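Here is what each chain is made of, one letter per residue.
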Amino acid sequence: MTLEETLAAIQPPDPAIIKNIEQKLRSTMTDDAGLGCLRGLLLRYAGITNSTQPEIPRKSTIVCCADHGVAAMKVSAYPPETTVQMTANYLISRGAVANALSNFANSYLIIADLGIAAPTEHLPGLLQRKIARGTANCAVGPAMTREQALQAIQTGIDLAEYYTQKGFRCFLPGEMGIANTTSSAAITACLCGLTPEAATGRGTNISDERLKVKISVVRQALAVNQPDPSDGLDVLQKVGGFELGCIAGIILGAAAHHAFVVLDGFNTGAAALIAHALCPAVRDYLMGSHLAAEPAHDAILKKLGLKPYMDMKFRLGEATGSSIAADLLDAAILAYTYLTKPEQEQIDEPAAFFHETMPPRAAQLTDRTFNFYLHTLPELDTKAMEACQLRIDNLAKPIYSLGYLEELAVELAGILGDERPESTLKRALLCFTGSKLSTVQRQLTEAFAEHAQAEVTIGHLRCDRPPTEAFDFGRITAEDITLSSPILGVALAETSPDDPCGTKQAALREALCSPDGSLRYAADEFLQHVPKQLKADVSALMGAIIAGAHNSSLIVLDNEATEIVARYTELLCPEIKPFILHTQPNLLQLEMTTGGGCIACLGMRVVDAALYMLNDMKTFAEASVSVADDGPGAGRQKKA
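No experiment lies behind these values; they were computed from the predicted model shown. Residue positions within a chain follow its written sequence, with the count starting from 1. It should be noted that, the model being predicted, local features are given only for residues of pLDDT at least 70 and side-chain atom pairs only at 80 or more, the latter also being counted only at that level, while totals for whole chains, interfaces and linings use all residues. Side-chain figures throughout are based on the complete set of non-hydrogen atoms in the structure, without hydrogens or water.

**Q** Which parts of the structure should I look at to understand the pairing of strand β1 (residues 58-66)?
**A** Within a regular strand, side chains alternate between the sheet's two faces. The buried fraction of β1 amounts to 8 of the 9 residues, a majority that puts the element mostly inside the structure. If DSSP finds at least two bridges between two strands, the strands pair. Under the DSSP-based scheme used, a helix requires at least four consecutive residues in state H or I and a strand at least two consecutive residues in state E, with every element numbered from the N terminus. Where β1 and strand β4 (residues 168-176) come together, 8 bridges link them in parallel fashion. Of the residues in β4, the one forming a bridge with K59 is C170. The pairing of β1 with strand β2 (residues 107-115) spans 8 bridges and is classified as parallel. Opposite C65, over in β2, you have D113 as the bridge partner. Exposure categories follow from relative accessible area, calculated using a 1.4 Å probe and restricted to protein chains: below 20% of the type maximum is buried, above 50% is exposed, and the middle band is partly exposed.

Here it is in structure tokens:
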């Protein structure tokens, strides 16, 4: 299809299909807020792909590689030859973040040369789509000709058409090209009406001095070229890059063939602005993923009418955030599948669920036992953490560019005393309830646990027993589980199967938090303010958190109810903080209210992404890639 034919083929998603899926959801889940943003994501995907029964899609990560003439202005922390070196890393060493995160997301990885300024014929498996050996320097004139801009977009359209015909329904575009954030900053300044200062960030984590140069170069490129914001092709020609044009074409081609595109960070966002300028209807076919560290990324998302689902402090492309976001889509589709199973396929209790019941009477917990667990937490292994951080800093990427994934990996190294924890760490979910799980909660818990490959234990409470006994039950249960599971998700289910999602968290928020969300009481008195009917839940959960940390496990929190209890536990014992992973809203901004461990399971998947990064990526030395010559990476990163 030509560009003109592609633009004509882009139609809005089918509202009838969206309504059909919505009705099916409401027939099983009366509370729309339970799944939060995942619900809207599911509906969007169904409408885009015309799916009356959505299935987890075949995903394709397409990394488009090209060089930029503006790199001559010294706007990056890495030399221009890094582009071809990283392309070789994708295909030969297979040690880039794109490799690691496509493995995580089960996405087919494609690498395309749109304009690398070096010979690439020797690279196995590379799609040869070279337009030229890099763009011209946009600081002194147009980056490319109009014909080249059209060719870049047409190449993306052709790729989208080819792979949709192969059955791929979800595209995760990524990019590699030294100095491409300079081009993206110029595109964003033009199409979002920003100043060069507001549009330009640190990219590969450059120094203050180099950032000043970069801002000046963006200002110069805009002044010299005067790109027309009403003409996306003109903007691409004047200040863009071949890989950015290709991504714009992938977006347009995917929309024309009813496929879904998950945007990554700043560069793919800038490419989406080009596509949007050519056809505003493409916004209906896009999903945002994360809020990048580049300051203008928020303006891009607002221009496109998209929202981020996480803030991981990433400053790297290569489909990093979009791989995690695509995994959220998989979880939403799996949840829908479980919720809409035919009645004859549903069972009362999944065979995979283990059950532990609080005894009618238990030995009274003494202060001595409580203090032992509270004040004898293991120390983090600082040597393992330092070794882990050093390896991460030397992985073939800009330093500190993977934000919370790096922090998570280092934290796990300290907890486990292993500088490189393996990707296959066993994980478990412990959910406390004072009654039988509702059908919907059971289905959701089963779906999300399957997605996270977590064993599920339901801890059945006796709410008529003293809180000390509930604490001891939680402690013993979690202690047994964490003997073999170094990752433990903890959760509460609703008190009554008929309670709407979020009832328990709302009750705890009202009782224990101030209107601004801060904790209302001192650590040693908060339990007396817990509503009577929730004392067993809170006590058992505290016992599980403390025992899990005591056994050197990472504790992954669920919805706001577990967050509140964990925050009070941290007040009681500050040393426990490194052992606790706050999932929502710290990592994921999904606005989910359902309990039962669904959010904790998504948190476990973020942990998986960190472990894939740590284990699948190669260092600069291992992959023969140039290290930084500017910014915090200079000197810290070693090629040999």
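**Q** Can you walk me through the state of the cysteines in this structure?
**A** Covalently bonding the sulfur atom of one cysteine to the sulfur atom of another cysteine gives a disulfide. Cysteine sulfurs are considered disulfide-paired once they come within 2.5 Å of each other. Under the criterion given, the structure shown has 0 disulfides. Free cysteine: C192, not disulfide-bonded; nearest cysteine sulfur from C190 at 9.3 Å.

**Q** Looking at this structure, how should I read the environment of T182?
**A** With respect to the helices and strands, T182 occurs in helix α7 (residues 180-192). Exposure remark for T182: the relative accessible area of 2% places this residue in the buried category. For T182 and G203, which are 21 residues apart along the polypeptide, the C-alpha to C-alpha distance reads 8.0 Å. Contact definition: two residues touch when any of their heavy atoms are within 4.5 Å. With residues near it in sequence (within four places) discarded, T182 still touches V70, V75, K214, V217 and V218.

**Q** Would you take a moment to explain the packing of aromatic side chains for this structure?
**A** Each aromatic ring pair is specified by the distance between its two centres and by the angle formed by the two planes. For this analysis, a ring pair means two rings from Phe, Tyr or Trp (six-membered ring only for Trp) whose centres lie within 6.5 Å, classed as stacked if their planes differ by under 30 degrees, edge-to-face if by over 60, and tilted for the remaining angles. Enumeration over the complete set of coordinates arrives at 8 aromatic pairs. Considering the side-chain rings of F432 and F473, the 6.1 Å spacing of their centres and the 65° angle between planes classify their relative orientation as edge-to-face. Placement of the pair is F432 in strand β8 (residues 427-433) and F473 in helix α19 (residues 467-482), with a sequence separation of 41 residues. The burial state of F432 is the same as that of F473; both residues are buried. Aromatic side chains F526 and Y568 sit 4.2 Å apart centroid to centroid with 5° between the ring planes, which places their arrangement in the stacked category. With F526 in the loop between α20 (503-512) and α21 (535-550) and Y568 in helix α22 (residues 560-572), the pair connects residues that are 42 residues apart, well separated along the chain. Y568 matches F526 in its accessibility class, with the two residues each being buried. An aromatic cluster of three or more residues is present, and its members are Y108, Y162, Y163 and F168. Against the face of F168 rests R58, its NZ or CZ located 4.1 Å from the ring centre. Should the NZ of a Lys or the CZ of an Arg lie within 6 Å of a ring centre and within 35 degrees of the ring normal, that charge is described as sitting over the ring.

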